[in-house]
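# Understanding the architecture of this molecule
Chain by chain, the residues run as shown.
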Amino acid sequence: QLQLVESGGGLAQTGGSLKLSCTVSPSISGINAMGWHRQAPGKERVLVAEITADATSDVGTNYATSVKGRFTISRDLARRTVYLQLNSLKPEDTAVYYCAAAKEGWSYNYWGQGTQVTVSS
């Protein structure tokens, strides 16, 4: 059973930055992709960014239009960790951010508990 633990959320001002981390245990083996999703109050959970997690393939990334150019997803497979760098933050980025893993398939089937990001205007 995979466990995903997020960290790095908090409070930032408009235009500020935060960096989120997600560490997988016990192993990243068999995971095809890792993604960051977010859920704002009263809204559905949506994909923010995702990255391939197979060490034998080229790195592939995908971003939601709303964050493209501001957020960067990266990975350190040796540390079993995926990062999300959030720059140029806006109040509408306020949400709970969830890390997820797609294991043995391409649907996200393992989820972390979430970390709150709040951007003040």
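First, a word on scope: everything that follows refers to the structure included in this document. (Residues numbered from 1 in each chain as written. Predicted model: local features only at pLDDT ≥ 70, side-chain atom pairs only at ≥ 80, totals over all residues. Heavy atoms only, no water.)

Here we take up the overall build of the protein. For the protein, the count of helices and strands is 0 helices and 11 strands. When its helices and strands are written in sequence order, the protein yields β-β-β-β-β-β-β-β-β-β-β. A compact globule built from 121 residues should have a C-alpha radius of gyration of about 14 Å, and the protein, at 14 Å, falls within 12% of that. Dimensions of the protein, computed from the C-alpha atoms along their principal axes, are close to 40 × 25 × 25 Å. Considering the protein as a whole, with its 121 residues, one finds that 40% of them fall into the buried category. Put simply, 52% of the contacts in the protein that link residues at least 6 apart link residues at least 24 apart. Between the averaged position of the 11 positive side-chain charges in the protein and that of its 9 negative side-chain charges there is a distance of 5 Å. (Helix = DSSP H or I, 4+ residues; strand = E, 2+ residues; numbered from the N terminus. Rg over C-alpha atoms; globule rule 2.2 N^0.38 Å. Buried < 20%, exposed > 50% of the residue type's maximum accessible area, 1.4 Å probe, protein only. Contact = heavy atoms within 4.5 Å. Lys, Arg positive; Asp, Glu negative; His and termini not counted. Charge placed at Lys NZ, Arg CZ, Asp CG, Glu CD.)

On a regular strand, each side chain points to the face opposite its neighbour's, so the side chains alternate between the two faces of the sheet. Counting buried residues along strand E8 (residues 81–86), 5 of its 6 residues qualify, which places the element largely inside the surrounding structure. Bridging between strand E3 (residues 18–25) and E8 involves 6 bridges; their strand directions are antiparallel. Residue pairing across strands places Leu18 opposite Leu86, the latter belonging to E8. Here 6 bridges tie strand E7 (residues 71–76) to E8, and the two strands are oriented antiparallel to one another. Across the sheet, Ile73 pairs through a bridge with Leu84, a residue of E8. Counting the residues that bridge the hairpin from E7 to E8 gives 4 residues, and of these Arg80 lies at a positive phi of roughly 55 degrees. (Pairing = 2+ DSSP bridges.)

Our focus in this paragraph is the state of the cysteines. Counted by the stated rule, this structure contains 1 disulfide. In this model, Cys22 is linked to Cys99 through a disulfide, with the two sulfur atoms separated by 2.0 Å. The chirality of the disulfide connecting Cys22 with Cys99 is left-handed, given an S-S dihedral of about -75 degrees. With Cys22 in strand E3 and Cys99 in strand E9 (residues 95–103), the pair connects residues that are 77 residues apart, well separated along the chain. In this pair, the class of Cys22 matches that of Cys99, namely buried. (Disulfide = S-S within 2.5 Å.)

What the 4 strands build is an open sheet, ordered E1-E3-E8-E7; its pairing is antiparallel. Only two strands of the sheet have a single partner each, and these edge strands are strand E1 (3–7) and E7. Across this sheet, the average inter-strand angle for adjacent strands is 15 degrees, counted without regard to direction. Sheet topology note: the E1/E3 ladder contains 5 bridges and is antiparallel. Residue pairing across strands places Val5 opposite Thr23, the latter belonging to E3. (Axes fitted to C-alpha atoms, helices over the stretch in contact; angles between N-to-C directions.)

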